[in-house]
Amino acid sequence: MTDQAVDTDGVRLSQRPGVEPRFLGRNRELKELRADIERAGLDTLAGRKAPRARVLLIAGRPGSGRTALAEELVRQVADRYEDGMLRARLSEPDGTPVPTERTARELLAALELPAPAGAAEDDLTAAFREALADRRALLLLDDAADAEQVDVLLPDTPECLVVAVSGGPLTGIADVRPCTLGGLDTKSALELLTRYTGSVRITVDPRAAERLVEQCRAQPAALTLAGGWLAARPTAAVADLAKHLHAEGDDGTPLSRVLRLVHASLSTPAARMLRLLSLAPAGLVDPHIASALAGCSVNGARTTLDDFGVLGLLKAVDAPLPQYEVPGCLLPLLHALSETQDRPAELQLARARMLERMVRLLQSCRAITETDSPQARQKLLGLPRSLRFSNPRAAEEWLRAARPALLASVRLAVADGELDTLARRLMSQLVRAMVAHFGTRAAAPDLYGIHGLVLDVAERRGLPREKAAALLNLGDLDARTGRTAEALARYRAALDAGREANDPYATGRAMESVGGAHLELGDYDRAADWYGRALAQRLARDERAEAARLYGRIAAAHTYAGRYGEALRNWRAAVAGHRKNGDVAAQARALSELARVQEYAGRPAESLRTCQEAVEWARRAEDVRLQAALQLRLADTLEHLGDPVAARLHRGAAERLLDDAPRESRAEPESRAAASETKAVAPETTVAEPRAGTTEQESKAMAPEPSTTGPATAAVEPQTRASGPESSAPKAEHGANTYEIRSASAED
């Protein structure tokens with residue numbers, strides 16, 4: 001893989017002279033805000049303890065510098081709050097309010113606290129408030145759309161401070177006095193221009209500089225663009241810019257007039273790229289997104305983005321890879337420019353190019369984790385060098401940095417209510433990449449949101465197959481987080497949708513998942529019944545491998561219920577099925593379970609013979625850990641039969657097998673098994689946990705074998721503990737696999 005090119009160590013922002021980010025002006029406002037922190041509140045004046053955190057509100061129009069003022073205030077008072085600062089943005093760049101559930105989840109993640117996938121908004125906000133109840137922290141809530149967004153996040157302690165930023169007053173929050181922003185004072189405005197132009201051009205014609213400040217109404221965003229325009233033209237006088245702005249007339253805001261002037265001064269390709277940045281998801285743009293939107297090279301896009309940053313059109317984002325943010329005050333203006341100067345078909349094509357680029361980057365991001373697969377390696381080598389990652393760490397860094405934009409792209413892809421091929425591929429590849437790098441458990445909240453989007457669109461547009469897929473995925477995630485009753489309801493709804501779509505795969509998957517949910521809830525009769533329905537469908541479709549596996553599921557349900565005769569009959573059917581299919585490893589595991597149930601049924605001699613047969617098949621399958629577990633089981637059986645000498649020999653053999661096994665084979669990385677999933681398969685069940693009092697060697701031997709061919713072939717039959725299935729048998733795990741919406745594209 002020596003020809004791979006995308007690497008966090010090899011990509012850097014161009015070292016062009018930037019503008020010093022030191023905060024300017026607003027001394028009066030800062031003084032008032034600091035004084036407001038110390039001001040006695042209404043509760044204090046009434047002799048009561050303040051029940052909640054103090055809220056400082058900074059109100060102003062976009063482009064007024066309201067966020068910069070909030071950040072400066074937080075910086076000045078941060079040392080008073082030893083538990084640090086949290087920050088959340090409550091509106092999307094286009095002004096759409098961010099769901100409170102998403103905000104609370106991100107804040108809990110910042111505190112390194114769990115936020116279960118699918119948890120209700122009220123539960124998440126309550127957990128966040130509880131987490132801050134015994135802390136002294138700062139909370140910056142930027143771009144609040146209304147008072148309700150802020151109110152539900154207010155910590156229930158006066159030890160915390162909340163700094164909120166909005167476009168106006170937040171009616172409904174008690175004891176809040178807004179600090180309303182206008183323009184900068186003239187001195188600060190001139191200093192801001194001086195940062196771009198140098199002092200000479202300002203002092204040579206101070207009246208023209210003051211006139212320019214007046215034309216910009218001293219708004220920081222407008223002055224920044226004006227300063228960037230002058231910086232790009234060292235020979236232009238300040239009076240020249242003032243004349244150009246005067247010629248623009250009074251149409252629009254000062255910011256829109258300056259932006260039109262800056263846009264007109266750009267080259268045609270650069271101006272087009274600037275307009276197309278209005279399509280950037282979540283206002284975030286990197287060289288790949290810009291390259292895809294404009295249809296140019298990645299290096300060319302990176303250079304242009306750097307130029308935009310110098311001009312004040314973009315803000316650099318602190319990330320391992322070059323990334324910029326389009327200021328929220330510019331996005332609607334760029335969108336308006338794009339609507340007037342670009343044809344709808346061109347915008348649609350640019351959006352499609354961007355989504356296609358994201359799909360290919362996600363494919364590369366996932367493929368770099370599967371370089372042991374010849375097929376994945378070949379697919380990776382088939383990608384352009386600019387789309388390849390040098391190693392898995394570089395891919396993971398890109399995925400973490402691009403995560404907000406990728407999730408916003410998914411929301412954008414389904415915003416029009418369609419689930420076209422490109423949208424499906426994007427969601428599928430994002431799910432796979434997240435599972436490959438983060439693991440299913442860590443990525444569960446994002447996956448829950450993605451599948452929820454699909455479900456919403458499928459219900460609105462009457463797409464039963466997509467509805468079934470989304471419900472199965474959501475049910476799996478519910479089951480993983482312990483909400484088995486909710487998972488059961490989703491599986492039943494998925495079964496109805498699968499039947500409506502006449503999709504036997506979805507209905508079979510749903511029936512098996514319903515059985516697994518009943519097993520988890522302890523209803524073993526219904527579990528066996530639903531597994532039996534799924535088995536009947538598999539047999540009718542001549543799916544022998546799946547049928548053999550389902551015999552094992554039915555046997556497990558009977559074992560949990562103590563019906564050992566039925567369990568033995570079904571385990572024998574499973575052994576026969578795996579033997580006919582030539583699956584040696586599965587046959588060995590089924591034999592091991594048959595031996596276990598024979599021991600439960602009081603047939604130690606039969607169990608001993610079956611276990612010895614299982615050892616031989618496990619040896620043929622080269623399953624070292626299963627061999628060790630079986631040797632330990634043989635030792636237990638021999639002790640029950642009164643042969644301690646032979647039992648010690650088998651325990652010694654198990655220890656030697658474990659000592660010789662490669663260390664990496666003893667732990668199963670959750671992400672590797674799930675990342676290899678490309679199609680929906682039936683939910684796996686957990687492997688047996690060691691019974692109380694077992695040795696460390698036995699615990700290791702009974703750990704699950706890592707998947708090398710994907711969950712579809714690595715699934716093991718449900719096992720129970722040697723101490724008896726009735727009291728301590730492990731339950732089925734439903735969320736191990738991902739039922740994806742399969743695309744007709746060959747790439748998927």
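Please refer to the structure placed before this passage.
Residues numbered from 1 in each chain as written. Predicted model: local features only at pLDDT ≥ 70, side-chain atom pairs only at ≥ 80, totals over all residues. Heavy atoms only, no water.

A. Representation of the overall build of the protein chain in the model. Helix and strand counts for the protein chain stand at 35 helices and 8 strands. Taken across its 748 residues, the protein chain has 54% of its residues classed as buried. Of the contacts made within the protein chain by residues no fewer than 6 positions apart, 70% connect residues no fewer than 24 positions apart. Roughly 32,500 Å² of accessible area belongs to the protein chain as shown, and the carbon and sulfur atoms make up 50% of that amount. (Helix = DSSP H or I, 4+ residues; strand = E, 2+ residues; numbered from the N terminus. Buried < 20%, exposed > 50% of the residue type's maximum accessible area, 1.4 Å probe, protein only. Contact = heavy atoms within 4.5 Å. Areas by Shrake-Rupley, 256 points an atom, 1.4 Å probe, with all protein chains shown as cover.)

B. Seen up close, the packing of aromatic side chains. A full pass over the atoms with the stated rule returns 3 aromatic pairs. Taking the centre distance of 5.5 Å and the plane angle of 50° together, the rings of phenylalanine 389 and tryptophan 398 count as tilted. Assigned by exposure class, phenylalanine 389 and tryptophan 398 land together as buried. Cation over ring: arginine 136 sits above tyrosine 81, and NZ or CZ is 4.7 Å from the ring centre. Directly above the aromatic system of tryptophan 530 lies the positively charged group of arginine 533, at a separation of 4.0 Å from the ring centroid. (Phe/Tyr/Trp six-rings, centres within 6.5 Å; stacked < 30°, edge-to-face > 60°. Lys NZ or Arg CZ within 6 Å of the ring centre and 35° of its normal.)

C. Inspection of the sheet that holds strand 3 (residues 138-144) at higher detail. Here 5 strands make up an open sheet; going across it, the order is 2-3-4-1-5 and the pairing parallel. Two strands in the sheet have a free side with no partner beyond their single neighbour: strand 2 (85-89) and strand 5 (178-180). Averaged over all pairs of adjacent strands, the angle between strand axes in this sheet comes to 15°, irrespective of strand direction. Pairing between strand 2 and strand 3: 5 bridges, direction parallel. Residue pairing across strands places alanine 88 opposite leucine 141, the latter belonging to strand 3. Strands strand 1 (54-59), strand 4 (161-166) and strand 5 of the sheet are contacted by helix 1 (residues 27-38), whose axis makes an angle of about 160° with strand 1. Helix 4 (residues 100-110) contacts strand 2 and strand 3 of the sheet and is inclined by roughly 155° relative to strand 2. (Pairing = 2+ DSSP bridges. Axes fitted to C-alpha atoms, helices over the stretch in contact; angles between N-to-C directions.)

D. Representation of the sheet that holds strand 8 (residues 324-325) within the structure. The antiparallel open sheet is built from 3 strands, whose spatial order is 6-8-7. Edge strands, defined here as strands with exactly one partner in the open sheet, are strand 6 (284-285) and strand 7 (315-316). Both strand 7 and strand 8 contribute to a ladder of 2 bridges, which runs antiparallel. Residue pairing across strands places lysine 315 opposite glutamate 325, the latter belonging to strand 8.

E. Seen up close, the nonpolar core. Counting 134 residues, the largest nonpolar core has Leu212, Leu277, Val285, Phe308, Leu313 and Trp398 as the members making the most contacts within it. In this view, leucine 277 contacts Val285, Leu293, Leu305, Phe308, Leu314, Val326 and Leu331; residues no more than four positions away in its chain are not counted. Grouped together as the second largest cluster of nonpolar side chains are 30 residues, Ala119, Ala131, Leu154 and Val162 included. (Core = buried A, V, L, I, M, F, W, Y, C linked by side-chain atoms within 4.5 Å.)

F. Spotlight on the packing of helix 4 against helix 5 (residues 121-132). Two numbers describe how helix 4 lies on helix 5: the axes approach to 9 Å, and their chain directions differ by 35°. By crossing handedness, the relation of helix 4 to helix 5 is classed as left-handed. Along the contact surface, helix 4 presents Thr100, Glu101, Ala104, Arg105, Leu107 and Leu108, while helix 5 presents Glu121, Leu124, Thr125, Ala127 and Phe128. Partitioning the contact of helix 4 with helix 5 into residue classes produces 6 nonpolar, 2 polar and 3 charged. (Left-handed = near helix turned anticlockwise from the far one by under 90°. Nonpolar A, V, L, I, M, F, W, Y, C, P; charged D, E, K, R; others polar.)

G. Here's a closer look at the environment of proline 384. Take proline 384: it is sitting in the loop between helix 18 (374-381) and helix 19 (392-413). Note on proline 384: relative accessible area 36%, which makes it partly exposed. Note: C-alpha distance between proline 384 and serine 364 (20 residues apart in sequence) is 9.9 Å.

H. Molecular detail of a negative patch on the surface. A cluster of acidic residues, Glu121, Asp122, Asp123, Asp146 and Glu148, forms a negative patch on the protein surface. Ranked by the residues each element gives to the negative patch, the list is headed by helix 5, at 3 residues. Of note, glutamate 121 is situated in helix 5. Overall, the relative accessible area of 36% leaves glutamate 121 in the partly exposed class. (Patch = residues over 30% accessible without salt bridge, like charges linked within 9 Å, V, L, I, M, F, W, Y side chains within 5 Å. Salt bridge = Lys/Arg side-chain N within 4 Å of Asp/Glu carboxyl O. Lys, Arg positive; Asp, Glu negative; His and termini not counted. Charge placed at Lys NZ, Arg CZ, Asp CG, Glu CD.)

I. Fine view of helix 25 (residues 524-540). Helix length check: helix 25, at 17 residues, gives a terminal C-alpha distance of 24 Å against a target of 24 Å (1.5 Å per residue), a fit within 8%. Three or more residues of helix 25 are buried, namely Tyr524, Ala527, Ala528, Trp530, Tyr531, Ala534, Leu535, Gln537 and Arg538. Contact partners of the buried residues in helix 25: helix 23 (484-500), helix 24 (504-520) and helix 26 (544-560). Immediately downstream of helix 25, the backbone of aspartate 542 shows phi near 60°, a positive value. (Expected span 1.5 Å × (residues − 1).)

J. Molecular detail of the packing of helix 19 against helix 21 (residues 440-461). At their nearest, the axes of helix 19 and helix 21 sit 10 Å apart, and the two run at 15° to each other. Overall, the two elements helix 19 and helix 21 adopt an arrangement that is roughly parallel. Helix-helix and strand crossings are classified by hand; for helix 19 and helix 21 the assignment is left-handed. Here helix 19 contributes Arg403, Leu407, Val410 and Arg411 to the contact with helix 21, which in turn contributes Asp446, Ile450 and Leu453. Of the residues that constitute the contact of helix 19 with helix 21, the class distribution is 4 nonpolar, no polar and 3 charged. (Parallel < 35°, antiparallel > 145°, perpendicular 65-115°, else oblique.)

K. Molecular detail of the pattern of salt bridges. Tallied over the entire structure, the rule returns 45 salt bridges. Note that glutamate 29 and arginine 26 form a salt bridge whose closest N and O atoms lie 3.6 Å from each other. For glutamate 512, the salt bridge is made with arginine 549, and the minimal N-O distance between the two is 2.5 Å. Of this pair, glutamate 512 sits in helix 24 while arginine 549 sits in helix 26; the two residues are 37 residues apart in sequence, bridging distant segments of the chain. The network of salt bridges with shared partners includes Arg26, Arg28, Glu29 and Glu32.

L. How the structure looks around unusual backbone geometry. Positive phi outside glycine occurs at arginine 26, with the angle close to 60°. Its place among the elements puts arginine 26 in the segment before helix 1. With phi around 55°, arginine 217 is a residue other than glycine that occupies positive phi space. Following the sequence through the fold, arginine 217 ends up in the loop between helix 9 (206-215) and helix 10 (220-231). Judged by relative accessible area, which is 54%, arginine 217 ranks as exposed.

M. The side chain of histidine 451, seen in detail. Residue placement: histidine 451 occurs in helix 21. Side chain to side chain, histidine 451 and asparagine 473 meet in a polar contact 3.4 Å long. Aside from chain neighbours lying at most four places away, what touches histidine 451 is Val431, Ala470, Asn473, Leu474 and Leu477. (Polar contact = N/O pair within 3.5 Å; in protein donor to acceptor, adjacent residues only side chain to side chain.)

N. Region of the structure containing the environment of valine 431. Mapped onto the elements, valine 431 comes out in helix 20 (residues 421-438). Given the relative accessible area of 4%, valine 431 is considered buried. Each C-alpha atom, one on valine 431 and one on leucine 447, is 6.5 Å from the other, the two residues being 16 residues apart in sequence.

O. Up close: the pairing of strand 3. Counting buried positions along strand 3 gives 7 out of 7 residues, so the element sits mostly inside the fold. Pairing of strand 3 with strand 4, which is carried by 5 bridges, proceeds in the parallel orientation. By the bridge assignment for strand 4, leucine 141 is matched with alanine 164.

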